[in-house]
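Letter by letter, the chains look like this.
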Amino acid sequence: MKIPHSVPPLVVLLIVAAWFASMRESSRALERENVSLQKKIAESRDAIVRGNERASIVAGNPKQKREKKSSETLIRPMGEFMPTASDFNELVLINNNEGVRFNLTEACRRLETLASEMSGDELARAYTQMALIPVDAPFRNYLESMMLDQLKKKNPEFAFSQLIAKCQNEDTGPIQMGDFNKWLAKDPAAATTWYESQLAAQVFDKTLDGKTPNMVPFEAAFIMSLLASDPAAAEQRINSIPPDLRSSLGPYVWSVPKENSRAFVDLLRKSMPMEDYMSILKDNSLTEYNFRFDSETDPKVVQKNLDSLGITPEERSILLTQHFIEIAKYRSRGDKYGMPSREKFDAYRARIQAIDPSSADRATGFALQSYLEQSKTTSAQDFVEKIAMDYHGSGAGDEILLPLIEGSAGGSIAFPKERARVLATKIADGRLREEMLQKLR
């Protein structure tokens with residue numbers, strides 16, 4: 001501490017006294033914090049001991065409560081915690097006291113490091129023992145997910161068995177089981193043996209509706225592994241999945257080698273309705289991100305990609321229609337409390353026209369129907385009616401009007417029938433015009 005020479009001696013003494021008082025108070029604060037942390041660790045150790053005693057009693061082999069040594073209450077640096085279940089659970093309890101900031105602490109980083117250093121057996125024991133100690137739900141969910149990610153690599157039998165149990169007993173989806181394909185590729189014999197044992201034990205037959213959606217990621221892994229070597233076996237496996245669950249394969253068959261692209265498309269084509277397999281392909285690596293909201297890929301490149309996959313004209317129409325419908329739903333959320341954007345619709349329609357002109361009218365009609373279905377506002381009614389009439393008046397085909405008319409007739413969209421009748425009178429095809437007017441009566 002430097003003091004200017006011009007300060008009077010009495011003032012200097014006062015400053016020095018104040019500084020010493022401040023230092024003493026800081027020292028006391030550190031002592032209090034140290035005692036508090038020692039208490040936390042001691043309580044954490046006691047909780048682990050009690051948890052282990054409860055586990056021993058359940059196993060029919062109760063242990064005598066050991067006397068706690070004074071050295072156990074000393075604070076250890078984080079680096080001294082070793083990769084063992086005991087240290088892991090101690091850190092869990094210490095970090096559990098951090099509340100909502102649990103994932104921002106040094107102890108949490110050390111837990112992640114320990115999980116990466118522990119063996120599969122050590123992790124499995126720690127995971128099992130964690131059920132016996134009190135941990136807040138958000139922190140427990142985080143820990144279980146982190147530990148299971150490591151266990152998939154080190155003890156996959158345990159990891160996937162736990163994931164199946166969680167899906168059966170909790171309101172969680174099967175997406176975490178999508179990594180089964182890595183185990184199947186690394187050790188096909190062990191992965192297959194384990195999966196067949198689960199089927200034999202009927203662990204997948206516990207859902208109330210009997211659809212067993214938890215099987216889908218496992219079957220998807222086998223299907224993809226057989227795609228090139230045994231297409232007939234791959235087709236047999238996909239046909240073993242209930243028809244109404246096959247469309248849920250999408251997230252698990254996302255990455256397909258280009259050399260297997262035709263075989264993959266053919267397999268989907270044989271096994272499910274066109275709308276279902278085109279929905280899978282729309283979000284598949286084979287379509288090269290061409291159907292995302294922000295895609296600006298040259299339409300010629302998109303055409304070349306669809307040609308390489310052998311996508312038929314009818315399939316292109318379904319694919320582009322699904323794409324425009326999703327865009328319209330997204331736009332409706334943004335426009336709900338403001339004015340609809342004609343400029344955006346024009347741009348999306350122009351892009352689809354450039355990719356496949358024959359699909360543009362149908363895709364636009366269903367996009368307008370979807371926009372209105374999501375918006376449910378008078379301004380949306382005005383918007384879709386005007387844009388449909390403008391496009392049709394500028395040379396678009398009757399397909400652009402049909403979704404709005406049929407949605408109004410069936411009551412699936414908030415579009416008055418009197419407005420739909422006006423659209424129906426614009427239909428150029430006489431037979432179709434009369435059919436639509438009949439539906440609107």
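The preceding data block contains the structure.
Description of the structure in this document. (Residues numbered from 1 in each chain as written. Predicted model: local features only at pLDDT ≥ 70, side-chain atom pairs only at ≥ 80, totals over all residues. Heavy atoms only, no water.)

## Quick word on the overall build of the protein
Alright, step 1. Helix and strand counts for the protein stand at 20 helices and zero strands.
Alright, step 2. Burial analysis of the protein (441 residues in total) assigns 42% to the buried set.
Alright, step 3. Long-range contacts, defined as pairs at least 24 residues apart, comprise 64% of the intrachain contacts of the protein with a sequence gap of at least 6.
Alright, step 4. Summed over its atoms, the accessible surface of the protein is roughly 23,900 Å², and 54% of this surface lies on carbon and sulfur atoms. (Helix = DSSP H or I, 4+ residues; strand = E, 2+ residues; numbered from the N terminus. Buried < 20%, exposed > 50% of the residue type's maximum accessible area, 1.4 Å probe, protein only. Contact = heavy atoms within 4.5 Å. Areas by Shrake-Rupley, 256 points an atom, 1.4 Å probe, with all protein chains shown as cover.)

## Structural notes on the pattern of salt bridges
Alright, step 1. In the structure shown here, the tally under the stated rule is 22 salt bridges.
Alright, step 2. A salt bridge links Arg-431 to Glu-435; its shortest N-O distance comes to 3.3 Å. Of this pair, Arg-431 and Glu-435 both sit in helix H20 (residues 430-439), four residues apart, which is roughly one turn of the helix.
Alright, step 3. Residue Arg-431 is classed as exposed on the basis of its relative accessible area of 60%. (Salt bridge = Lys/Arg side-chain N within 4 Å of Asp/Glu carboxyl O.)

## Brief notes about the environment of Ser-261
Alright, step 1. Relative to the assigned elements, Ser-261 resides in helix H11 (residues 261-271).
Alright, step 2. For the pair formed by Ser-261 and Thr-287, sequence separation is 26 residues and the distance between their alpha carbons is 10.0 Å.
Alright, step 3. If sequence neighbours within four positions are ignored, Ser-261 has contacts with Leu-286 and Leu-309.
Alright, step 4. Separated by 2.9 Å, the side chain of Ser-261 and the backbone oxygen of Lys-258 make a polar contact. (Polar contact = N/O pair within 3.5 Å; in protein donor to acceptor, adjacent residues only side chain to side chain.)

## Observations regarding the packing of helix H13 (residues 299-308) against helix H15 (residues 342-355)
Alright, step 1. At their nearest, the axes of H13 and H15 sit 8 Å apart, and the two run at 50° to each other. By the angle class used here, H13 and H15 are oblique. Handedness of the H13/H15 crossing: right-handed. Packed against H13, whose contacting residues are Pro-299, Val-302, Gln-303 and Leu-306, the element H15 presents Arg-351, Ala-354 and Ile-355 at the interface.
Alright, step 2. Residue composition of the contact of H13 with H15, by class: five nonpolar, one polar and one charged. (Axes fitted to C-alpha atoms, helices over the stretch in contact; angles between N-to-C directions. Parallel < 35°, antiparallel > 145°, perpendicular 65-115°, else oblique. Left-handed = near helix turned anticlockwise from the far one by under 90°. Nonpolar A, V, L, I, M, F, W, Y, C, P; charged D, E, K, R; others polar.)

## A word on the packing of helix H16 (residues 360-375) against helix H18 (residues 402-410)
Alright, step 1. The contact between H16 and H18 brings their axes to 7 Å, and the two run at 40°. The angle between H16 and H18 places the two elements in the oblique class. Where H16 approaches H18, its residues Gly-365, Phe-366, Leu-368, Gln-369 and Leu-372 are matched on the opposing element by Pro-403, Leu-404 and Gly-407.

## Section: the environment of Val-302
Alright, step 1. Note on placement: Val-302 falls in helix H13.
Alright, step 2. For Val-302, a relative accessible area of 0% translates into the label buried.
Alright, step 3. Along the backbone, Val-302 and Glu-288 are 14 residues apart, and their C-alpha atoms lie at a distance of 8.6 Å.
Alright, step 4. For Val-302, the contacting residues outside a window of four places in its chain are Asn-290, Phe-291, Thr-297, Arg-351 and Ile-355.

## A short note on helix H5 (residues 137-154)
Alright, step 1. An ideal rise of 1.5 Å per residue puts 26 Å on 18 residues; H5 measures up with 25 Å between its terminal C-alpha atoms.
Alright, step 2. When we look at burial in H5, the residues that qualify are Phe-139, Arg-140, Leu-143, Glu-144, Met-146, Met-147, Leu-148, Gln-150, Leu-151 and Lys-152. (Expected span 1.5 Å × (residues − 1).)

## Section: the packing of aromatic side chains
Alright, step 1. Evaluation of the coordinates by the stated rule reveals 22 aromatic pairs.
Alright, step 2. Judged by centre distance (5.8 Å) and plane angle (50°), the rings of Phe-180 and Phe-222 are tilted. Taken together, the residues Phe-180 in helix H7 (residues 180-186) and Phe-222 in helix H9 (residues 216-226) connect sequence positions 42 residues apart.
Alright, step 3. By relative accessible area, which is 0% here, Phe-180 ends up buried.
Alright, step 4. Its relative accessible area of 7% is what places Phe-222 among the buried residues.
Alright, step 5. Between Phe-345 and Tyr-371, the ring centres sit 5.7 Å apart and the planes meet at 80°, which makes this aromatic pair edge-to-face. Of this pair, Phe-345 sits in helix H15 while Tyr-371 sits in helix H16; the two residues are 26 residues apart in sequence, bridging distant segments of the chain. (Phe/Tyr/Trp six-rings, centres within 6.5 Å; stacked < 30°, edge-to-face > 60°.)

## Examining unusual backbone geometry
Working note: non-glycine residues mostly have negative phi, and peptide bonds are mostly trans.
Alright, step 1. Its identity as a non-glycine residue notwithstanding, Gln-202 has a phi of 60°, on the positive side.
Alright, step 2. Checked against the element boundaries, Gln-202 lands in the loop between helix H8 (188-200) and H9.
Alright, step 3. For Glu-288, which is not glycine, the phi torsion reads 55° and is therefore positive.

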